[in-house]
Amino acid sequence: MSEPISTPLPESFADLSGYVDAWAKPTFRERYRQRMDSPQAALVAFYQALLPRMDAITEHLNQYAPGEVPAADLPLYFLACSFMDIAAAVEIYEQPDVPLGLEWWRPELTECRTALDA
Amino acid sequence: MAAQPDFTHASPGLDTQPVPYYPYYDEDFFQQEIDRIFRRNWLFAGRESDLPQAGDYIVKSFPPLKASVILARQQDGSIRAFYNVCPHRANRVEISECGHKNRFVCSFHGWSFGLDGKLKHVPDEQAFFDLDREARSLKSIAVDSWLGMLFVNFSPEPPAPLGEWLGELQHAFDGYPLPQMTTMLKIRTEVKANWKMVMDAFLEGYHVVQLHGQSAGDAFTSKENPWGHLNSVRLYDRHKSLSMYGNPGQSATPAAELELKYQQVATYAPIQGDRYQQSHQTRWNDFPPGVNPDRRDDWAFDIHLLFPNCSFYTANGWSVTQCYWPVSPETSVIEATVYAFQPTSVAGYIGFEHTKSMIFDVALEDLSTVERAQSNLRAGAFDSMVLSDMEVVVRHSHHVIRELLEQDV
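None of these values were measured; they are calculated from a predicted model.

### Some thoughts on the overall build of chain B
At step 1: Along chain B, the regular secondary structure elements total nine helices and 19 strands.
At step 2: For chain B, the C-alpha radius of gyration of 23 Å lies close to 22 Å, the compact-globule estimate for 409 residues.
At step 3: By the burial criterion, 57% of the 409 residues in chain B qualify as buried.
At step 4: A fraction of 65% describes how many contacts in chain B between residues 6 or more apart in sequence connect residues 24 or more apart.

### Let's talk about the environment of Trp-227 of chain B
At step 1: Topologically, Trp-227 of chain B is positioned in the loop between α4 (208-211) and β13 (232-235).
At step 2: With 206 residues separating them in the primary sequence, Trp-227 of chain B and Tyr-21 of chain B have C-alpha atoms 26 Å apart.

### As for the environment of Gly-290 of chain B
At step 1: Its place among the elements puts Gly-290 of chain B in the loop between α6 (274-280) and β15 (299-306).
At step 2: Each residue touching Gly-290 of chain B, except ones within four places of it in the same chain, is listed here: Ala-172, Phe-173, Asp-302, His-304 and Thr-314 of chain B.

### What to know about the sheet that holds β13 of chain B
At step 1: Taken in spatial order, the eight strands line up as β1(A)-β12(B)-β18(B)-β17(B)-β16(B)-β15(B)-β14(B)-β13(B) in an open sheet, and their pairing is antiparallel. Only two strands of the sheet have a single neighbouring strand rather than two, namely β1 (108-111) of chain A together with β13 of chain B. Shown here is a sheet whose adjacent strand axes are inclined to one another by a mean of 15 degrees, direction ignored.
At step 2: Alignment of strand β17 (residues 318-328) of chain B against strand β18 (residues 331-340) of chain B, held across 10 bridges, turns out to be antiparallel. Its bridge partner lying in β18 of chain B, Trp-318 of chain B is registered against Ala-340 of chain B.

### Here we look at the interface of chain B and chain A
At step 1: Each partner contributes to the interface: chain B provides 42 residues, whereas chain A provides 44 residues.
At step 2: Viewed at the interface, chain A and chain B are joined by six salt bridges.
At step 3: Note that Glu-111 of chain A and Lys-356 of chain B form a salt bridge whose closest N and O atoms lie 2.7 Å from each other.
At step 4: Summed over the shared surface of chain B and chain A, the result is 22 residue pairs in polar contact (both at pLDDT 80 or more).
At step 5: Top element by residues in the side of chain B that touches chain A is helix α7 (residues 346-366) of chain B. It accounts for 14 residues.
At step 6: Of the residues assigned to the side of chain B that touches chain A, the class counts are 17 nonpolar, 13 polar and 12 charged.
At step 7: Taken together, the four bridges between β1 of chain A and strand β12 (residues 182-191) of chain B define a ladder with antiparallel strand orientation. Following the sheet pairing, Glu-111 of chain A is matched in β12 of chain B by Leu-185 of chain B.

### Examining the layout of surface pockets
At step 1: In this structure, the largest pocket spans a volume of roughly 960 Å³.
At step 2: Along the walls of the largest pocket sit 30 residues, with Val-59, Lys-60, Glu-97, Lys-186 and Glu-335 of chain B positioned nearest its centre.
At step 3: When residues of the lining of the largest pocket are traced back to their parent elements, those giving at least two are β1 of chain A together with β2 (43-47), β3 (56-62), β12 and β18 of chain B.
At step 4: In the lining of the largest pocket, the residues fall into 11 nonpolar, nine polar and 10 charged.
At step 5: Formed jointly, the lining of the largest pocket draws a minimum of three residues from each of two domains, domain 1 (40-169) and domain 2 (174-406) of chain B.

### Re the pairing of β15 of chain B
At step 1: Where burial is concerned, most of β15 of chain B is hidden: eight out of the eight residues are buried.
At step 2: Here β15 of chain B folds back onto strand β16 (residues 310-314) of chain B in antiparallel fashion, the turn holding three residues.

### Examining the packing of aromatic side chains
Between two aromatic rings, the relevant description is the distance of the centres plus the angle of the planes.
Residue and element names in this part refer to chain B.
At step 1: A full pass over the atoms with the stated rule returns 27 aromatic pairs over all chains.
At step 2: Note on Trp-146 and Phe-312: the rings are 6.0 Å apart at their centroids and 75 degrees apart in plane angle, and the pair reads as edge-to-face. Placement of Trp-146 in strand β10 (residues 140-146) and of Phe-312 in strand β16 is noted, with a sequence separation of 166 residues between them.
At step 3: With 6.3 Å between their ring centres and 75 degrees between their planes, Tyr-176 and Phe-312 make a pair best called edge-to-face. Taken together, the residues Tyr-176 in the loop between α2 (162-166) and β12 and Phe-312 in strand β16 connect sequence positions 136 residues apart.
At step 4: The exposure class of Tyr-176 is buried, given its relative accessible area of 5%.

### Observations concerning the nonpolar core
At step 1: Core analysis: the biggest nonpolar cluster contains 152 residues, and Met-54 of chain A together with Leu-71, Trp-146 and Phe-154 of chain B have the highest contact counts within it.
At step 2: No other element matches the 16 residues that helix α5 (residues 74-93) of chain A contributes to this core.
At step 3: Each of domain 1 (40-169) and domain 2 (174-406) of chain B contributes no fewer than three residues to this core.
At step 4: In this structure, Ala-72, Phe-82, Cys-86 and Phe-104 of chain B belong to the second largest nonpolar core, which totals 15 residues.

### Points about the state of the cysteines
Between two cysteines, a covalent bond joining their sulfur atoms is known as a disulfide.
All names here are of chain B.
At step 1: By the definition in use, this model includes zero disulfides over all chains.
At step 2: The closest cysteine sulfur to the non-disulfide-bonded Cys-86 is located on Cys-106, 3.9 Å from its own sulfur.
At step 3: For Cys-86, a relative accessible area of 4% gives the class buried.

### Structural notes on the sheet that holds strand β6 (residues 98-100) of chain B
All names here are of chain B.
At step 1: In space, the seven strands of this open sheet follow the order β2-β11-β10-β5-β4-β3-β6, with antiparallel pairing throughout. The open sheet has two free edges, formed respectively by β2 and β6, since each of these has just one partner strand. Taken pair by pair, the neighbouring strands of this sheet meet at an average axis angle of 30 degrees, ignoring direction.
At step 2: Taken together, the five bridges between strand β4 (residues 67-73) and strand β5 (residues 79-83) define a ladder with antiparallel strand orientation. Directly across from Val-69, in β5, lies its bridge partner Tyr-83.

Thresholds applied
Residues numbered from 1 in each chain as written. Chains lettered and ligands numbered in written order. Predicted model: local features only at pLDDT ≥ 70, side-chain atom pairs only at ≥ 80, totals over all residues. Heavy atoms only, no water. Helix = DSSP H or I, 4+ residues; strand = E, 2+ residues; numbered from the N terminus. Rg over C-alpha atoms; globule rule 2.2 N^0.38 Å. Buried < 20%, exposed > 50% of the residue type's maximum accessible area, 1.4 Å probe, protein only. Contact = heavy atoms within 4.5 Å. Pairing = 2+ DSSP bridges. Axes fitted to C-alpha atoms, helices over the stretch in contact; angles between N-to-C directions. Salt bridge = Lys/Arg side-chain N within 4 Å of Asp/Glu carboxyl O. Polar contact = N/O pair within 3.5 Å; in protein donor to acceptor, adjacent residues only side chain to side chain. Nonpolar A, V, L, I, M, F, W, Y, C, P; charged D, E, K, R; others polar. 1 Å grid on protein atoms, 1.4 Å probe; cavity = no way out; pocket = protein on both sides within 12 Å on 5 of 7 lines; lining within 4 Å. Points joined across faces, edges and corners; volume = space filled by probe spheres on them. Domains from an automatic or database assignment. Phe/Tyr/Trp six-rings, centres within 6.5 Å; stacked < 30°, edge-to-face > 60°. Core = buried A, V, L, I, M, F, W, Y, C linked by side-chain atoms within 4.5 Å. Disulfide = S-S within 2.5 Å.

Here's what the structure looks like:
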């Protein structure tokens, strides 16, 4: 388990600060676990808060090349990743997990490339 | 609706009878598969790009052969493969999964081997009795590459060359940009099911409407093709290919729209939209003949089963290999690797995050049925399965394996 991220969000994204503790997690597995551990209402709230802000977030992060996102902006990147990781729970399944699916913790997913890599 | 195709009757050697269950659990059948199929065919081991420089190596395990293999890039740029077994006392020579070395040193007694596998140094060598250094080098295994994919062959006799083994597929993908794609993610899953039980679950599109009814939405079905009938199949001596229908008018969720916008590559879409074409100048006629061979706009992707156990997916902008490794008659390891053009912006990675989570969710759906089915095989209710024309690839797979095992050795 990695350390909780305590860096505040850039000022123009202060409205999303309340989501940092739960969702600014650096790996897919931690983000997916958070999706599984969250009530559906929390997923919907996070989804609704992020959806209208996604273009602004990606525009802000696109000022950096992959591998050069400064530490101060990583929480914002991880929030955007979390949005993408939980979207199906809100848009498709209407529940956190995949109905009747294999237990989520069994497949071992290795992320070979992320925006943290050059 | 288009006339019902009849792939099964069009395939010489295939009947329409039920297919028996026993190859999914029988221990003798399993052992024969290992000895006569897995030990005699080319098996997917990784990609050349996993070991780009001289001295780079990867270590890959092959559960059906109970073997660990070192693949190492030589000084001359070629790649050689060796059993990861110390010729002295059988210790595993290389413990790591990958790295860069000039020689491999066994941690037990310090025997060392060059990149070429040759025995270099034996501590206190004078204490041995007529040590044959040549015979006690690392044992070689045949290795060759195709589209940047590495294959090894454990056959005790020199195997048919990789190109010959690929047959009709050898040149079907010339120019397909797999070597330019980056390995984006890997998913490894252990399941309590026969390797064919899992493989067969991925070799047909009939399950899409029910099993992926929510997640796939209308990506693989339409008013014109409500059951997602396959565009086409190609059944060869051992390998086979199928082309999945894709709905050109499919709808997209808000997150899928963002994925497309940020990444300019859709997850499963039959990508023919202007946005994609503008960025990649993709036209069907530019494709190699084995990719979307029907040149249809309502195409999603192709699956090519490289016999016996590696599914190679070709699509517009992404690719997948998925290998089904037998461990025991009723346990398997599934290894999927996803390749795509490396994102050039942070937004591209955020877009790919949606691809990643959709692949993961759909994998949980795909793998959900195999253990339940496996556990039912000997309940006594039935001893065979009926297969539709849309499951002809599953039928062909069972047919090929049975034929091979019935041949005289």
